[in-house]
Amino acid sequence: LEEGQAALARAQEEVLAAQQALDGLKTSAEVDLTQAQVAVFNAQLAVEKAQKLFDEEQNDENKAQLEAAGAKLRLAEDFLSRLTFGKGIDPDVEAAAEARLRTAKAAAASAQAALTALDLTSSTAGMVVDPTTQVGQRVSAGQPVFTVADFSRWVVKTDNLTELQVVDVKIGQKVEVMLDALPDLVLTGEVS
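Everything in this summary refers to the structure shown in the same document. Every value quoted in this text rests on a predicted model; they were computed, and no experiment measured them.

Examining the overall build of the chain
Within the chain one finds five helices and four strands. Mapped in sequence order, the helices and strands of the chain form the string α-α-α-α-β-β-α-β-β. Taking 2.2 N^0.38 as the reference for a compact globule, 192 residues should give roughly 16 Å; the C-alpha atoms of the chain span a radius of gyration of 39 Å, well beyond that estimate. If you line up the chain on its principal axes, its C-alpha atoms span 135 × 30 × 25 Å. Residues classed as buried in the chain amount to 18% of the 192 residues present.

This is the structure in structure tokens:
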């Protein structure tokens, strides 16, 4: 039982962490979009600077710097395009965060189901009497662990009526029953 409760707590913590991560993406979307725009602007400046150096002196080093600056600009533009499409959130990152949240919720539901499966339930209402097991004891499927009694209705059987008395007993007749074990208790009923 404790293991199940611990597993459920861990799963619920992961749901919370996954939800916070997804919320964090949405909260920082505007800032991330602005930063991506700044990165494109800075990459454009780097390309212009590298182009100027290459125009002044066309050597392999300046050519490599120009190509690297161009590649960084394309990457920054691609990233900005993805963020613009996702309204400030990279769609791949958002999909991963949503998948993490779905997985965490499924794990929490599974942990809850496993914990619920440990509960013993009765198909009838009543009071538990005559327990045959103790708290924490392992039981096998189908093994009786207690008896459930319904004390709202009693069936009292008697075998001490004589032949002379039994002829006076009729179905539906009102009766009072007094038990030796509970002398102050008078049960009322009818013959069935």
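The structure having been displayed, the exposition proceeds.
Some words on the nonpolar core
By size, the foremost hydrophobic cluster in this structure holds 14 residues, and its most contacted members are Val15, Leu22, Leu25 and Leu101. Elements with a contribution of two residues or more to this core: α1 (2-27) and α4 (91-116). Ignoring anything within four residues of it in the chain, the contact list for Leu101 reads Val15, Ala18, Gln19 and Leu22. Among the nonpolar cores identified, the runner-up in size contains twelve residues, and Val47, Ala50, Phe54 and Ala69 belong to it.

Some details on the environment of Lys63
When you line up the elements, Lys63 lands in helix α3 (residues 60-85). Along the primary structure Lys63 and Leu53 are separated by ten residues, whereas in three dimensions their C-alpha atoms are 8.8 Å apart.

Regarding the packing of α1 against α4
Here α1 crosses α4 at 160°, and the two axes come no closer than 8 Å. One finds that α1 runs roughly antiparallel with respect to α4. For α1 against α4, the interelement crossing comes out left-handed. Partitioned by chemical class, the residues of the contact of α1 with α4 number 17 nonpolar, five polar and six charged.

Cut-offs applied
The written sequence of each chain sets the order in which its residues are numbered from 1. Reporting of local features is limited, given that this is a predicted model, to residues whose pLDDT is at least 70; pairs of side-chain atoms are given and counted only at 80 or more, and all residues count toward the totals for whole chains, interfaces and linings. Only heavy atoms go into the side-chain values, all of them from the structure, while hydrogens and water stay out. To qualify as a helix, a DSSP run of H or I must reach at least 4 residues; to qualify as a strand, a run of E must reach at least 2; elements of each kind are numbered from the N terminus. Our radius of gyration is a C-alpha quantity, and the globule rule it is checked against amounts to 2.2 Å times the number of residues to the power 0.38. Partly exposed residues are those whose accessible area sits between 20% and 50% of the maximum for their type, while under 20% is buried and over 50% is exposed, using a 1.4 Å probe and protein chains only. Residue types Ala, Val, Leu, Ile, Met, Phe, Trp, Tyr and Cys, when buried and joined through side-chain atoms within 4.5 Å, form a set referred to as a nonpolar core. Pairs of residues are marked as contacts when any of their non-hydrogen atoms sit within 4.5 Å. Axis definition: a line fit to C-alpha positions, over the contact stretch in the case of helices; interaxial angles, taken between N-to-C directions, run 0 to 180 degrees. Comment on the angle field: the value is read as roughly parallel under 35 degrees, roughly antiparallel over 145, roughly perpendicular from 65 to 115, and oblique elsewhere. Crossing chirality is assigned from the near helix's rotation relative to the far helix, an anticlockwise turn below a right angle marking it left-handed and a clockwise turn marking it right-handed. Throughout this entry, Asp, Glu, Lys and Arg are counted as charged residues, while Ala, Val, Leu, Ile, Met, Phe, Trp, Tyr, Cys and Pro are counted as nonpolar. The remaining residues, Gly among them, count as polar.

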